[in-house]
Amino acid sequence: MSNKAAWLKAANERPLVIEDAPMPNIGPREVMIRNRAVAINPVNWAIQAKAIFPVTYPFIGGNDAAGEIVQVGSEVNNFKVGDRVIAACWADGTTEGRSNSAFQLFFSADAKAIVKLPNHISYAEGSVFPLAMATAASALFQPDTHGLSIPQVNAKSQGKVVLVWGGGSSVGACAIQLLVGAGYDVAATANGRNLSAMKDLGAKYVFDYTKETVVEDIVSTLKGLDFGGAFCAIIGPDILRCGQIADQLGGYKFVSTVLPTNMPTQAGLPDGVGTCNVWGDTIFKHEAGPAVWEKWMPAALETGALKPAPPPLIFGNGLEAIQGSLDRWSEGVSYQKVVVTLD
Ligand SMILES: NC(=O)c1ccc[n+]([C@@H]2O[C@H](COP(=O)([O-])OP(=O)(O)OC[C@H]3O[C@@H](n4cnc5c(N)ncnc54)[C@H](OP(=O)(O)O)[C@@H]3O)[C@@H](O)[C@H]2O)c1
């Protein structure tokens, strides 16, 4: 076995260079995976194009992968060689962290951050989940974030409605499905062309965010219901619109966001409306992590309660296609996840 990676050799350099890479070393609680599909996240583009994080060069990026396990660590007893899995990689920018980065043929992953993929879901479909799911779960279910009840098989109704702003994004699509899995009624905003897809994911109320009246429409529809707060999956002024809605609806006046924890929390929210930033990997340091990744996700994938969303837009095959897929993402997506297969 030998490895190859799509390397970022220096800040802002392009294209990525396809060259040999060391085979990953796995720790006792890790697995080694032969990669079969990777998905593109905004941060992958921003690290190359904007150098937004300090990383050690040469760097291997990539957070979302799906493939088959080829080696298991000595303390891993819930996975075996040959299992088809999805994996969240942290690509943390350190030399040691290169091993746990998705843009290569073989990589290591923490056994806590992988989920078995049922045979009816392809690697390309499975690759849409990892970072988006981890980010949505971190924002929604930790006591230091939104603090909502965690999803479980056959969850009872919570009798509350939660707003997801940006349900057409990867993080938003995961948030809708997590909240439905936890027994919440979901109200979601998306572009008008994607509203029926939001319903397919389980949203009970859907609103076109491009309409000028969207805030009033949401408030008038949800008024009188027990409001469980809003999750804004889009960075920008929409966080303030979610704040206005939470303020007017009462109930739990809280807006969780996808602003990274190394940025200031959103200023300008109405008095009394709480908020939080999030870092996608914190769910694995919290008890909600195993509840979501080890219990709910495998069962929900098997039954179809959790659907791969947004659907993969397969850009190409092979590590050579990753640069083009980053460029494709930067041109804009609408309820699509850009994916590269690695057959
Ligand atoms: N803090 C963390 O750890 C963390 C981790 C992951 C992601 N993030 C952040 O989370 C955000 C979402 O990431 P992602 O991967 O989910 O993005 P994405 O899938 O690329 O988002 C694209 C989608 O967002 C929708 N959208 C854009 N502007 C919108 C608006 N104003 N209102 C509603 N929907 C809107 C688009 O809708 P249309 O269909 O209308 O075009 C499109 O479908 C990004 O800002 C990302 O940087 C943070």
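Attention in this report is confined to the structure presented alongside it. From a predicted model like this one, the values you see are computed outputs, not experimental measurements.

**A few points about empty space enclosed by the protein**
Working step 1: If you walk through the whole model with that rule in mind, you get 2 cavities of 30 Å³ or more.
Working step 2: In this structure, the largest cavity encloses a volume near 80 Å³.
Working step 3: What lines the largest cavity is simply Ala6, Leu8, Leu16, Asn44, Ile47, Gln48, Phe59, Ile60, Gly61, Gly62, Phe103 and Leu326.
Working step 4: At the level of elements, strand S1 (3-8), helix H1 (42-50) and strand S4 (59-60) are the ones that each hand at least two residues to the lining of the largest cavity.
Working step 5: Looking at which element gives the most residues to the lining of the largest cavity, the answer is H1, with 3 residues.
Working step 6: Across the lining of the largest cavity, the residue classes tally to 8 nonpolar, 4 polar and no charged.

**Concerning the sheet that holds strand S9 (residues 161-165)**
Working step 1: An order of S11-S10-S9-S12-S13-S14 is seen for the 6 strands of this open sheet, with the pairing classed as parallel. Each end of this open sheet is capped by a strand with a single partner; those strands are strand S11 (205-208) and strand S14 (274-278). Here the strands of the sheet are splayed against their neighbours by 20° on average, with no regard to which way each runs.
Working step 2: The pairing of S9 with strand S10 (residues 185-190) spans 5 bridges and is parallel. Residue pairing across strands places Val161 opposite Asp185, the latter belonging to S10.
Working step 3: Against the sheet, helix H4 (residues 170-181) makes contact with S9, S10, strand S12 (227-232) and strand S13 (254-260), and its axis sits at roughly 170° relative to S9, the strand it touches most.

Parameters and conventions
Residues numbered from 1 in each chain as written. Predicted model: local features only at pLDDT ≥ 70, side-chain atom pairs only at ≥ 80, totals over all residues. Heavy atoms only, no water. 1 Å grid on protein atoms, 1.4 Å probe; cavity = no way out; pocket = protein on both sides within 12 Å on 5 of 7 lines; lining within 4 Å. Points joined across faces, edges and corners; volume = space filled by probe spheres on them. Helix = DSSP H or I, 4+ residues; strand = E, 2+ residues; numbered from the N terminus. Nonpolar A, V, L, I, M, F, W, Y, C, P; charged D, E, K, R; others polar. Pairing = 2+ DSSP bridges. Axes fitted to C-alpha atoms, helices over the stretch in contact; angles between N-to-C directions. Contact = heavy atoms within 4.5 Å.

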